[in-house]
Amino acid sequence: MARKDLVALYGRLGLIVAAFAFIASIVAGPILQRLWLSPVTVSEHSTEPVFRLPEPVALQVESQG
């Protein structure tokens, strides 16, 4: 075979392998993501609240004389 024919053959084979790898990665991505990610989440509890409510303002009632 001539060099030109070999380059064309290996180029086609390379594209076929790349296409199969691309499709396999699309299919395997979500499956592997489910296996690797843990459904358990760890959180830290704090004794202090994240936000505080404003303290109530005491209303002063004026007596009418």
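Residues numbered from 1 in each chain as written. Predicted model: local features only at pLDDT ≥ 70, side-chain atom pairs only at ≥ 80, totals over all residues. Heavy atoms only, no water.

Caption draft 1: Expanded view of the overall build of the protein. Regarding its fold elements, the protein presents one helix and zero strands. For the protein, with 65 residues in total, the buried portion stands at 0%. (Helix = DSSP H or I, 4+ residues; strand = E, 2+ residues; numbered from the N terminus. Buried < 20%, exposed > 50% of the residue type's maximum accessible area, 1.4 Å probe, protein only.)

Caption draft 2: Representation of helix H1 (residues 3–36). Along its 34 residues, H1 runs 46 Å from first to last C-alpha, staying within 8% of the 50 Å computed at 1.5 Å per residue. A bend of about 35 degrees at Ala 28 is the largest found in H1, and the proline Pro 30 appears one to four places after it. (Expected span 1.5 Å × (residues − 1). Bend = angle between axes of the 7 residues up to and from the residue.)

Caption draft 3: The arrangement of a nonpolar patch on the surface in detail. Side chains of Phe 22, Ile 23, Ile 26, Val 27, Ile 31, Leu 32, Leu 35 and Trp 36 sit close together on the surface and give an oily, nonpolar patch of about 920 Å² of accessible area. Within the secondary structure, Phe 22 is located in helix H1. Given the relative accessible area of 55%, Phe 22 is considered exposed. (Patch = residues over 30% accessible without salt bridge, like charges linked within 9 Å, V, L, I, M, F, W, Y side chains within 5 Å. Areas by Shrake-Rupley, 256 points an atom, 1.4 Å probe, with all protein chains shown as cover. Salt bridge = Lys/Arg side-chain N within 4 Å of Asp/Glu carboxyl O.)

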